[in-house]
Amino acid sequence: MPDRVLRAIDAPTIDHRGPDFAALGHEVLAGMSEIFRTGGPVVIYPSSGTGAWEAALVNTLSPGDRVLAFETGHFATLWRAMAERLGLEVDWVEGDWRRGADPDRVAAVLRSDPSISAVMVVHNETSTGVTSRVAEIREAIDAAGSDALLLVDTISSLGSIDYRHDEWAVDVTVGCSQKGLMLPAGLGFNAVSENALAASERARLPRSYWDWGPTIEANRAGYWPYTSATNLLYGLREAIAMLREEGLENVFARHQRHAAATRAAVEAWGLEVLCADEREHSAALTAVMVENADEIRKLILERFDMSLGAGLGRLAGRVFRIGHLGDFNDLMLAGTLCGVEMGLRLTGVPVAGSGVEAALSLLEREPVAV
Ligand code: PLP
């Protein structure tokens, strides 16, 4: 979270019904359209990402609707549980938490079951460091001749990994503030296609707070139908400015470069990255498989005050996760990898070679985008 964003948040809160607010509202809505790469509406909620997940489901679906979802990791599993609690029938494709949603499987299931109303995909599985191929999933839906809606969670990819809501014909893209947008938690997003808006006219799952309609209506004038998270919107305006200044393509290239350097380090240590498919390596984080993951994390936290991501769900204790997303540069990555390397050595993991050196030489070779 960059200082610039934190300083922007730290400004007097203006009246969310007053005349100055509308300019802020219009500005952040236009900026978020750029980031989602959409010409359609973006709904901003004062919520965490989980709220934005719920909004995507309750605005588009009805009780008993069948949806297709993939067990790509912990967050896909939680989204599925939410869908079931809401009364949807989930067609669940089991997985080993090392791969993304399989486009061939999408086509096969939709061909054999035309009653599926929506496909739910987590673009970047934060629990595994695996990025699903959303453009290919869209092609698979079209190839199957299905009119199922495509609902995509970009909670840990938005603003870090290439994403195109309109070009990939995604119907609802779910996002939140606390990852690539470099803000504290507290804002949730839905980018909404025309098909999704039409579906919201028919959808019968109960909705009130999450209803897109009143927000889209109030947004036309730059306002929200309830009290806005004004200071987070100041931060969002600043974060959008930072992403614009760097250029989204450069932001994505920076994340890819840091991810490649991290993987070079893991390889040099003689350890294994959890993601099993080269096409699906996450540019936002890298999960590393190791027996004593929690011991390593504990030591690194206590000795170096650096917090690595824990293994979640069925990966508990078996991986640690290195985050390299958001406001991050070469020196931060070098420091991070030094901390991990020292932690590995101090906990007696037999390290094959210096991951830090491997990462630094990749960073030297790979030019920085300008
Ligand atoms: N989806 C993904 C991919 C996530 O990484 C997270 C949180 O880390 C969530 C959903 C849930 O978001 P939140 O914790 O903001 O409710």
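Quick caveat: nothing in here was measured; it's all calculated off a predicted structure.

Reading the values: the criteria
- Residues numbered from 1 in each chain as written.
- Predicted model: local features only at pLDDT ≥ 70, side-chain atom pairs only at ≥ 80, totals over all residues.
- Heavy atoms only, no water.
- Domains from an automatic or database assignment.
- Contact = heavy atoms within 4.5 Å.
- Buried area = accessible area lost by both parts, 1.4 Å probe.
- Salt bridge = Lys/Arg side-chain N within 4 Å of Asp/Glu carboxyl O.
- Polar contact = N/O pair within 3.5 Å; in protein donor to acceptor, adjacent residues only side chain to side chain.
- Helix = DSSP H or I, 4+ residues; strand = E, 2+ residues; numbered from the N terminus.
- Buried < 20%, exposed > 50% of the residue type's maximum accessible area, 1.4 Å probe, protein only.
- Core = buried A, V, L, I, M, F, W, Y, C linked by side-chain atoms within 4.5 Å.
- Axes fitted to C-alpha atoms, helices over the stretch in contact; angles between N-to-C directions.
- Parallel < 35°, antiparallel > 145°, perpendicular 65-115°, else oblique.
- Left-handed = near helix turned anticlockwise from the far one by under 90°.
- Nonpolar A, V, L, I, M, F, W, Y, C, P; charged D, E, K, R; others polar.
- Near = heavy atom within 4 Å.
- Areas by Shrake-Rupley, 256 points an atom, 1.4 Å probe, with all protein chains shown as cover.

**Concerning the domain arrangement of the protein chain**
Line of reasoning, step 1. When its domains are assigned, the protein chain resolves into domain 1 (3-246) and domain 2 (248-365).
Line of reasoning, step 2. Each of domain 1 and domain 2 has a C-alpha centre, and the two are 28 Å apart.
Line of reasoning, step 3. With 34 residues of domain 1 in contact, the opposing surface of domain 2 contributes 30 residues.
Line of reasoning, step 4. For the pair domain 1 and domain 2, the summed buried surface comes to about 2,600 Å²; carbon and sulfur atoms form 54% of the total.
Line of reasoning, step 5. At the junction of domain 1 with domain 2, the criterion picks out five salt bridges.
Line of reasoning, step 6. For R254, the salt bridge goes to E246, with nearest N and O atoms at 2.7 Å.
Line of reasoning, step 7. If you look at where domain 1 meets domain 2, you find 16 residue pairs in polar contact (both at pLDDT 80 or more).
Line of reasoning, step 8. Only α2 (21-36), α4 (74-85), β5 (124-125), β6 (130-131) and α9 (230-246) provide two or more residues apiece to the side of domain 1 that touches domain 2.
Line of reasoning, step 9. Ranked by residue count, the leading element in the side of domain 1 that touches domain 2 is α9, at three residues.

**Thoughts on helix α5 (residues 103-112)**
Line of reasoning, step 1. Of all the residues in α5, the buried ones are P103, V106, A107, V109 and L110.
Line of reasoning, step 2. On its buried face, α5 sits against β2 (66-70), β3 (89-93), β4 (116-122) and α6 (134-143).
Line of reasoning, step 3. Capping of α5 at its N-terminal end is provided by D102; its side-chain oxygen lies 3.0 Å from the backbone amide nitrogen of D104.

**Here's the deal with unusual backbone geometry**
Line of reasoning, step 1. A positive phi angle, close to 65°, is found at W97, a residue other than glycine.
Line of reasoning, step 2. Relative to the helices and strands, W97 resides in the loop between β3 and α5.
Line of reasoning, step 3. W97 sits in the buried class, given a relative accessible area of 4%.
Line of reasoning, step 4. Of note, the phi angle at D305 is positive, near 55°, even though the residue is not glycine.
Line of reasoning, step 5. Looking at the element boundaries, D305 is found in the loop between α11 (293-304) and β12 (309-310).

**Some details on the nonpolar core**
Line of reasoning, step 1. Core analysis: the largest hydrophobic core is formed by 65 residues, its most contacted members being M32, I44 and L236.
Line of reasoning, step 2. In terms of residues, this core owes the most to one element, α9, which gives eight residues.
Line of reasoning, step 3. Domain assignment of the residues forming this core places at least three in each of domain 1 (3-246) and domain 2 (248-365).
Line of reasoning, step 4. If sequence neighbours within four positions are ignored, M32 has contacts with V42, I44, L158, L181, F189, L236 and I240.
Line of reasoning, step 5. By size, the runner-up hydrophobic cluster in this structure holds 30 residues, among which are V130, V290, I296 and F320.

**What to know about the packing of helix α12 (residues 330-346) against helix α13 (residues 355-365)**
Line of reasoning, step 1. Where α12 meets α13, the axes come as close as 9 Å, and the angle between the chain directions of the two elements is 165°. As judged from the angle between their axes, α12 and α13 are roughly antiparallel. Regarding α12 and α13, the two cross each other, and that crossing is right-handed. Where α12 approaches α13, its residues D330, L333, A334, L337, C338 and E341 are matched on the opposing element by G355, V356, A359, L360 and L363.
Line of reasoning, step 2. A per-class count over the contact of α12 with α13 returns eight nonpolar, one polar and two charged.

**Digging into the site of the ligand**
Line of reasoning, step 1. Around the ligand sit S48, G49, T50, W53, F75, V122, N124, T126, D153, I155, Q178 and K179, and those are all the residues in its vicinity.
Line of reasoning, step 2. Here T50 contributes a side-chain N or O atom positioned 2.5 Å from an oxygen atom of the ligand.
Line of reasoning, step 3. Take T126: an N or O atom from its side chain is 2.5 Å from an oxygen atom of the ligand.
Line of reasoning, step 4. Considering the ligand on its own, with 390 Å² of exposed area, one finds that the protein chains cover 85% of that surface.
Line of reasoning, step 5. In the shell around the ligand, the residues fall into four nonpolar, six polar and two charged.

**Considering the environment of E125**
Line of reasoning, step 1. Tracing the sequence through the fold places E125 in strand β5.
Line of reasoning, step 2. Considered as a pair, E125 and M306 are 181 residues apart in the sequence and their alpha carbons are 22 Å apart.
Line of reasoning, step 3. Among the polar contacts listed, one links the side chain of E125 to the side chain of T72, at a separation of 3.5 Å.

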